[in-house]
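Architecture at a glance
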Amino acid sequence: VELVESGGGLVQTGGSLRLSCAASGSTVNILSMGWYRQAPGKQRELVAAVTRNGGSTNYADSVKGRFTISRDNAKDTVYLQMNSLKPEDTAVYYCNAFVVVAGTWDKNYWGQGTQVTVSS
């Protein structure tokens, strides 16, 4: 599975950005997709995730009410709409795909990362 991200950039406080992540390869085994972020000097943390059927989502407390994750299975693409951005949202955002082959193995795949910078 390969993941290609797009949509990062520089935005002012209160602004919006939309990240996209397109998956290719053996996407049929993707159980869930999501976004993580890593700020300088900090550990990578979950931002939001969504199951393949879109029926279940999970958000970090810090982004609830501001960020929305969605998924287009026909395009094997996941989106992260980020509104009301704050300087503390500044980080490299990584797309994640969790692949499961039942009874055999599971693995996390990662995109190359896209920088999001929120100026105050």
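Just so you know, the residues in each chain are numbered from 1, in the order the chain's sequence is written. Two thresholds apply to this predicted model, a pLDDT of at least 70 for residue-level local features and 80 or more for giving and counting side-chain atom pairs, whereas whole-chain, interface and lining totals are computed over all residues. Excluded from the side-chain calculations are hydrogens and water; all other atoms, namely the structure's heavy atoms, are used.

**A closer look at the environment of Val11**
Under the DSSP-based scheme used, a helix requires at least four consecutive residues in state H or I and a strand at least two consecutive residues in state E, with every element numbered from the N terminus. Structurally, the position occupied by Val11 is in strand β2 (residues 9-12). Residue class for Val11 comes out buried when judged on its relative accessible area of 13%. Sequence separation between Val11 and Met33 is 22 residues; the distance between their C-alpha atoms is 25 Å. Summary of the burial criterion: residues with accessible area below 20% of their type's maximum are buried, those above 50% are exposed, and those between are partly exposed, where the area comes from a 1.4 Å probe applied to protein chains only.

**A few points about the pattern of salt bridges**
Any carboxyl oxygen of Asp or Glu within 4 Å of a side-chain nitrogen of Lys or Arg constitutes a salt bridge here. Within this structure, the stated rule accounts for 4 salt bridges. Notably, a salt bridge pairs Glu45 with Arg37, separated by 2.8 Å at the nearest N-O pair. For the salt bridge of Asp89 with Arg37, the shortest nitrogen-to-oxygen distance reads 3.0 Å. Here the residue Asp89 occupies a position in the loop between β8 (77-82) and β9 (91-101), and Arg37 occupies one in strand β4 (residues 30-38), the gap between them amounting to 52 residues. Three or more residues are tied together by salt bridges with common partners; here these are Arg37, Glu45, Arg66 and Asp89.

**Concerning the sheet that holds β8**
Read from one edge of the open sheet, 4 strands run β1-β3-β8-β7, paired in antiparallel fashion. A strand with exactly one partner marks an edge of an open sheet, and here the two such strands are β1 (2-6) and β7 (67-72). In this sheet, adjacent strand axes meet at a mean angle of 15° when their direction is disregarded. Bridge count between β7 and β8: 6 bridges; the pairing is antiparallel. Across the sheet, Arg71 pairs through a bridge with Val78, a residue of β8. Strands are labelled as partners when DSSP assigns at least two bridges between them. Axis definition: a line fitted to C-alpha atoms, over the contacting stretch in the case of helices. Angles run 0 to 180 degrees between N-to-C directions.

**Some thoughts on the state of the cysteines**
Throughout, disulfides are identified as pairs of cysteine sulfur atoms within 2.5 Å of each other. Overall, the coordinates contain 1 disulfide when judged by the stated rule. Each disulfide pairs two cysteine sulfurs, and for Cys21 the partner residue is Cys95, the sulfurs being separated by 2.0 Å. Sign of the S-S torsion, about -85° for the bond between Cys21 and Cys95, identifies this disulfide as left-handed. Placement of the pair is Cys21 in strand β3 (residues 17-24) and Cys95 in strand β9, with a sequence separation of 74 residues. Each member of the pair, Cys21 together with Cys95, is buried.

All we've got here are geometric facts, nothing functional implied.
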